[in-house]
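What follows is the residue order along each chain.
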Amino acid sequence: MLERMKDFDENYKDIKERMSDAALKAGRKPSDIRLLAAVKTVPAEVINYAVSQGLDLIGDNRVQEMEQKRPLLINEPEHHFIGHLQTNKVKNIVGKVDMIESVDSLRLAAEISRQSAAAGTVSDVLLEVNIGREQSKSGFYAEMLDEAVAEIAQMGHIRVRGLMTIPPICDGKEKNCAYFEQMQKVFIDISGKTMDNVNMDYLSMGMSDDFEQAIAFGSNIVRIGTALFGARNYNK
Ligand SMILES: *Cc1c(COP(=O)(O)O)cnc(C)c1O
């Protein structure tokens, strides 16, 4: 565990520097870009240590894992849900996370709104965009977004705060860049249309291998797991 904490210290410092450099290179303010730590498979002890070192935003992928670890967190930072969410699990997380970044269908949005109403709250969400149009991934196609946002804006207890994406894995970084560039266009486009209950504050994109390119194309939340905590143990 000690070893993991030492690794975290180095990784955290390194990533913050690289984020800052990427921001400056893009003519952006480093403080405008948030680091979200993707904490799947990371033990609560390590998360607690990371938070003690200044980490202020974490993201979980699985409802069950989140529920198990949550009571073990000493100072819970801002907490986002970033994984695929089944409609029957919505009631478990509404009112318990600060944002659901992975809203990938109107059906899911409607259920979030319904459960939020029941819980007396309004849920902040990002819409997940399937920018690479991959069959294997969920999310809205870019051309469906206008209509989806308009429809979600009518739902009473959900507030759209931006967009999230996981672009296709490519060998060359150039190609990834094209997806980030497309996302930036989509984001700017939709930000220009004003709607009630919609504030396009966040563009969440970029992970361990590509966050610098994502920052170059306007990302303001990068979601990083491996580069902060080391390789995940997939057997768990
Ligand atoms: C795991 C995960 C990340 C972080 O991925 P790394 O490559 O480990 O940095 C980011 N976003 C989502 C949605 C994830 O599930």
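Further up the page is the structure itself.
## Let's talk about the pattern of salt bridges
For the structure on display, the rule yields 16 salt bridges. With a shortest N-O distance of 3.0 Å, E78 and R34 are connected by a salt bridge. Within this pair, whereas E78 is found in strand β3 (residues 78-81), its partner R34 is found in strand β1 (residues 34-38), the two being separated by 44 residues in sequence. R34 gets classed as buried once you look at its relative accessible area, which sits at 19%. Two residues, K193 and D189, come together in a salt bridge whose shortest N-O distance is 3.9 Å. Overlapping salt bridges bring together D124, R159, R161 and D201 as one network.

## Regarding empty space enclosed by the protein
In the structure shown here, the tally under the stated rule is 1 cavity of 30 Å³ or more. One number sums up the size of the largest cavity: a volume of about 30 Å³. Lining of the largest cavity is provided by I47, I58, D60, M66, K69, R70, L73 and H79. Within the lining of the largest cavity, the residues separate by chemical class into 4 nonpolar, 1 polar and 3 charged.

## Let's talk about the site of the ligand
Taken together, A38, K40, N61, I82, I166, M207, S208, R223, I224, G225, T226 and R232 make up the full set of residues near the ligand. For the ligand, an oxygen atom lies 2.7 Å from a polar atom in the side chain of N61. In isolation the ligand has 390 Å² of accessible area, and contact with the protein removes 90% of it. Residue composition of the shell around the ligand, by class: 5 nonpolar, 4 polar and 3 charged.

## Side note on the nonpolar core
Counting 39 residues, the largest nonpolar core has I100, I112, L127 and L163 as the members making the most contacts within it. Leaving out residues up to four positions away in the same chain, I100 has contacts with F81, L85, I93, I112, D124, V125 and L126. Core analysis: the second largest hydrophobic core is formed by 27 residues, I15, A23, V42 and L55 among them.

## Digging into the pairing of strand β2 (residues 57-60)
On β2, burial covers both faces: L57 and G59 on one face and I58 and D60 on the other are all buried. Two elements, β1 and β2, share 2 bridges in a ladder whose sense is parallel. Along β2, the bridge assignment pairs A37 with I58. The parallel pair β1 and β2, bridged by helix α2 (residues 44-52), forms a crossover whose chirality is right-handed. Taken together, the 4 bridges between β2 and β3 define a ladder with parallel strand orientation. By the bridge assignment, I58 is partnered in β3 with H79. Where the polypeptide runs from β2 across helix α3 (residues 63-69) and back to β3, its parallel neighbour, the crossover connection is right-handed.

## Observations concerning helix α1 (residues 2-25)
With 24 residues, α1 extends 35 Å between its outermost C-alpha atoms, agreeing within 8% with the 34 Å of an ideal straight helix rising 1.5 Å per residue. Turning to α1, its buried residues number three or more, namely M5, F8, Y12, I15, M19, A22 and A23. On its buried face, α1 is in contact with β1, α2, α8 (211-216), β8 (221-224) and α9 (226-229). G27 sits one or two positions beyond α1 and adopts a positive phi of about 70 degrees.

Reading the values: rules and limits
- For every chain, the first residue of the written sequence is number 1, and numbering continues from 1 along that sequence.
- At least 70 in pLDDT is required for a residue's local features to be given in this predicted model, at least 80 for side-chain atom pairs to be given and counted, and no such filter applies to totals for whole chains, interfaces and linings, which use all residues.
- Remark: hydrogens and water are excluded; side-chain values derive from all non-hydrogen atoms of the structure.
- In what follows, salt bridge is the name for a side-chain nitrogen of Lys or Arg lying within 4 Å of a carboxyl oxygen of Asp or Glu.
- The way it works is that DSSP assigns letters per residue, a run of H or I at least four long becomes a helix, a run of E at least two long becomes a strand, and they are numbered from the N terminus.
- Only protein chains enter the accessibility calculation, which uses a 1.4 Å probe. A residue is then buried if its area is under 20% of the maximum for its type, exposed if over 50%, and partly exposed in between.
- The definitions used throughout rest on a 1 Å grid laid over the protein atoms alone, on which a cavity is an enclosed set of points accommodating a 1.4 Å probe that cannot get out and a pocket is an open set flanked by protein within 12 Å on both sides along at least five of seven lines; lining residues are those having an atom within 4 Å of a point.
- Grid points are joined across faces, edges and corners, and a volume is the space filled by probe spheres set on the points.
- Three residue categories are used. Nonpolar comprises Ala, Val, Leu, Ile, Met, Phe, Trp, Tyr, Cys and Pro, charged comprises Asp, Glu, Lys and Arg, and polar comprises the others, including Gly.
- Think of it this way: one heavy atom of a residue within 4 Å of a molecule or strand is enough to make that residue near it.
- Polar contact is defined as a pair of N or O atoms within 3.5 Å, subject to the rule that within protein one atom must be able to donate a hydrogen and the other to accept it, and that residues adjacent in sequence are counted only when both atoms are side-chain atoms.
- To be clear on the numbers: accessible area is Shrake-Rupley with a 1.4 Å probe, and residue cover counts the displayed protein chains and nothing else.
- Within this scheme, the nonpolar core is defined by two criteria: the residues are buried Ala, Val, Leu, Ile, Met, Phe, Trp, Tyr or Cys, and they are joined through side-chain atoms within 4.5 Å.
- Residue contacts are defined here by distance: any two heavy atoms, one from each residue, within 4.5 Å place the two residues in contact.
- Only strands that DSSP links by at least two bridges are regarded as paired with each other.
- The handedness rule is simple: strands pointing away from the viewer, and a clockwise path from the first strand over the helix to the second, make the crossover right-handed.
- By this rule, a helix spans an expected 1.5 Å times one less than how many residues it contains.

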